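Each chain, written out:
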Amino acid sequence: MNTSAFFTRPRNVFALALLCCLLWGSSYPAIKSGYALFGIAAGDLPAKLLFAGWRFLAAGLMLLAFSKAMGRPVGVAGGAQWARLGLLGLTQTTLQYVFFYVGLAYTTGVKGSILNATGTFFSVMLAHWLHANDRLTPRKVLGCMLGFAGVMVVNVGRGALDFEFTLLGEGFIVIAAFVLAASSIYGRRVSQGMDPVVMTGWQLTLGGAALLGLGWGFGGSLHGFTPASTTLLGYLALLSAAAFSLWSLLLKHNRVSLVTAFNFMVPVFGTALSAIFLGERVLEWKNALALVLVCAGIWLVTQQAAARRAPVPAGGPA
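Residues numbered from 1 in each chain as written. Predicted model: local features only at pLDDT ≥ 70, side-chain atom pairs only at ≥ 80, totals over all residues. Heavy atoms only, no water.

The line we're drawing: UniProt positions are given in the numbering used here, feature names are shortened, and annotations may be inferred rather than shown by experiment.
Going by the annotation in an unreviewed UniProt entry, the name recorded for the protein is DMT family transporter, with Aquincola agrisoli given as the source organism. Turning to the protein, the UniProt record has this under Subcellular location (unreviewed entry): "Cell membrane".

So, in structure tokens, the structure goes:
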């Protein structure tokens, strides 16, 4: 099969990009369901670290095994490359998901999926300071303003002057989005010297192992392994491996603007699936308005800037 022809065919690009967004969106209700199946309390940070660690360690090993089966070299060339992969894994996987998994325990899946989309806007602002050819423009600024307006709207309480925002909940989700944006820019540099899929496999493996180490170090344990909970954990690992690898292949064979334009579907899927599987209220006016604002902001940002960017490694929200 001609790989390039397959991944550039318009209907395949459309289907695979939507599949990636669907998988990433499904992680919000899946994680919260995992907390219930494993009996993880909201304040049990060590157990959350173990839950995340097993997911990403398994996902990373899946990607490395897939790369090996496809004949790609999976070895690491020297200590310098190990150091870069280690730093990427500790930031993009370990640090980001410490904030993300804790934050998601203290907020709803609907709000989490919308708030996590702020990573797109953080990426745009960081790129302005770090890349001379990726400056802010009026359209990008407008997109960022719309996106952050959506974040403000989704946190409005029952009263007009109420603001439902906690550091451990919504705050940690936004911090996780910022960490992902910053580490993805670093990941772009690392990917210049190795295959993006292999790089992602190693950073997930190393980051997942670090999460396990932290969880055990804090005295955590993960109980409640049943057919249902184990299947859910396997699904989370599989969705990470599949979405990361498919997204990187789409970026490799297509214009980045064509692929990243689909990013706005992640909060759409995350919101809808959280409503379906968690019974959360998605049709409240603030959720609907916030979703429209965030999606409009992402569309404005990605439509103008992405066509000038080189392909970057996959960096899904969850």
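Topic: the overall build of the protein
Convention followed: Each helix is a run of H or I in the DSSP string that is no shorter than four residues. Each strand is a run of E no shorter than two, and both are numbered from the N terminus. To sort residues, take the accessible area from a 1.4 Å probe on protein chains only and compare it with the maximum for the residue type: under 20% means buried, over 50% means exposed, and anything in between is partly exposed. Two residues form a contact once any of their heavy atoms are found within 4.5 Å. Computed with the Shrake-Rupley method and a 1.4 Å probe, the accessible areas treat only the protein chains shown as cover for residues.
Within the protein one finds 13 helices and zero strands. From first element to last, N terminus to C terminus, the protein shows the α and β order α-α-α-α-α-α-α-α-α-α-α-α-α. Taking all 318 residues of the protein together, the buried fraction comes to 56%. Contacts in the protein between residues at least 24 apart in sequence constitute 86% of all its contacts with a sequence separation of at least 6. Put simply, the protein shows about 13,400 Å² of open surface, and 71% of that area lies on carbon and sulfur atoms.

A look at the environment of L233
Tracing the sequence through the fold places L233 in helix α10 (residues 227-253). For the pair L233 and W54, spaced 179 residues apart in the sequence, the C-alpha separation amounts to 8.0 Å. For L233, the contacting residues outside a window of four places in its chain are F38, F51, W54, R55 and F225.

Regarding the pattern of salt bridges
As a reminder, the rule being used: Only one rule defines a salt bridge in this text: a Lys or Arg side-chain nitrogen within 4 Å of an Asp or Glu carboxyl oxygen.
Taken as a whole, this structure holds one salt bridge when the rule is applied. For the salt bridge of R72 with D195, the shortest nitrogen-to-oxygen distance reads 3.9 Å. In this pair, R72 sits in the loop between α3 (45-69) and α4 (78-105) while D195 sits in the loop between α8 (167-191) and α9 (196-217), placing the two residues 123 residues apart along the sequence. With a relative accessible area of 19%, R72 lands in the buried category.

Let's talk about the side chain of T205
Short version of the rule: For the purposes of these results, a polar contact is taken to be a pair of N or O atoms within 3.5 Å, where, inside protein, one atom must be able to donate a hydrogen and its partner to accept one; residues adjacent in sequence count only when each atom of the pair is a side-chain atom.
When you line up the elements, T205 lands in helix α9. Among the polar contacts made by the side chain of T205, one reaches the main-chain amide nitrogen of L61 at a distance of 3.4 Å. Residues within four places of T205 in sequence aside, it is in contact with F56, L57, G60, L61 and L64.

Concerning the side chain of Q203
Tracing the chain through its elements places Q203 in helix α9. Side chain to side chain, Q203 and Q92 meet in a polar contact 2.8 Å long. Q203 has contacts with L85, L88, G89, Q92 and T93, leaving out every residue within four places of it along the chain.

Digging into the nonpolar core
Across soluble globular proteins, nonpolar side chains have a tendency to be buried as a group. Applicable threshold: To qualify as a nonpolar core, a set must consist of buried Ala, Val, Leu, Ile, Met, Phe, Trp, Tyr and Cys residues joined through side-chain atoms within 4.5 Å.
Formed by 62 residues in total, the largest nonpolar core has its most connected members in W24, I31, F51, F100 and Y101. Secondary structure elements with two or more residues in this core: α2 (10-38), α3, α4, α6 (118-130), α8, α9, α10 and α12 (265-278). Counting 13 residues, the second largest nonpolar core, distinct from the first, contains F121, V153, C295 and I298.

Looking at the packing of α2 against α3
Condition: To obtain each axis, a line is fitted to C-alpha atoms, and for helices this fit is confined to the stretch in contact; angles are then taken between N-to-C directions over 0 to 180 degrees. In what follows, roughly perpendicular refers to angles from 65 to 115 degrees, roughly parallel to angles under 35, roughly antiparallel to angles over 145, and oblique to any angle outside these ranges. We call a crossing left-handed when the near helix sits turned anticlockwise from the far one by less than a right angle, and right-handed when that turn is clockwise. Amino acids are sorted into nonpolar (Ala, Val, Leu, Ile, Met, Phe, Trp, Tyr, Cys and Pro), charged (Asp, Glu, Lys and Arg) and polar (every other residue, Gly among them).
Contact geometry of α2 with α3 gives a least axis separation of 11 Å together with a crossing angle of 125°. In terms of axis orientation, α2 runs oblique to α3. Every pair of crossing elements has a handedness; the one defined by α2 and α3 is right-handed. Mapping the contact onto sequence places S27, I31, G34, Y35 and F38 in α2 and K48, F51 and R55 in α3. For the contact of α2 with α3, the residue count by class is four nonpolar, two polar and two charged.

Focus on the environment of L232
Note that L232 resides in helix α10. Classification of L232 by relative accessible area gives buried; the value is 14%. Expressed as a C-alpha distance, the spacing of L232 and L37, which sit 195 residues apart in the sequence, is 8.9 Å. Every residue in contact with L232, bar those within four places of it in the chain, is listed here: A30, S33, G34 and L37.

Side note on the state of the cysteines
Linking two cysteines covalently through their sulfur atoms gives a disulfide. To keep things clear, this is the line we draw: For the purposes of this analysis, a disulfide is any pair of cysteine sulfur atoms at a distance within 2.5 Å.
Within the structure shown, the criterion is met by zero disulfides. C20 carries a free sulfur, and the closest cysteine sulfur to it, the one in C21, is 6.8 Å from it.

Considerations on α12
The test is simple: Expected helix span is taken as 1.5 Å per residue step, with the number of steps being one fewer than the number of residues.
Between its terminal C-alpha atoms α12 stretches 19 Å, which fits the 20 Å expected from 14 residues at 1.5 Å a residue. Of all the positions in α12, only M265, V266, P267, F269, G270, T271, L273, S274 and A275 are classed as buried. Following α12 by one or two positions, G279 adopts a phi angle in the positive range, close to 70°.

What to know about the packing of aromatic side chains
Rules: Ring pairs shown here join Phe, Tyr and Trp side chains whose ring centres sit within 6.5 Å, with only the six-membered ring taken for Trp; geometry is labelled stacked below 30 degrees between planes, edge-to-face above 60, and tilted in between.
Counted according to the given criterion, the structure contains 14 aromatic pairs. For the ring pair F51 and Y101, a centre distance of 5.8 Å and an interplane angle of 70° mean the geometry is edge-to-face. You can see F51 sitting in helix α3 and its partner Y101 sitting in helix α4, a full 50 residues away along the chain. The exposure classification of F51 matches that of Y101, with both residues buried. Clustering of aromatic rings is evident, with ring pairs tying together Y28, Y35, F38, F51, F56, Y97, F100, Y101 and F225.

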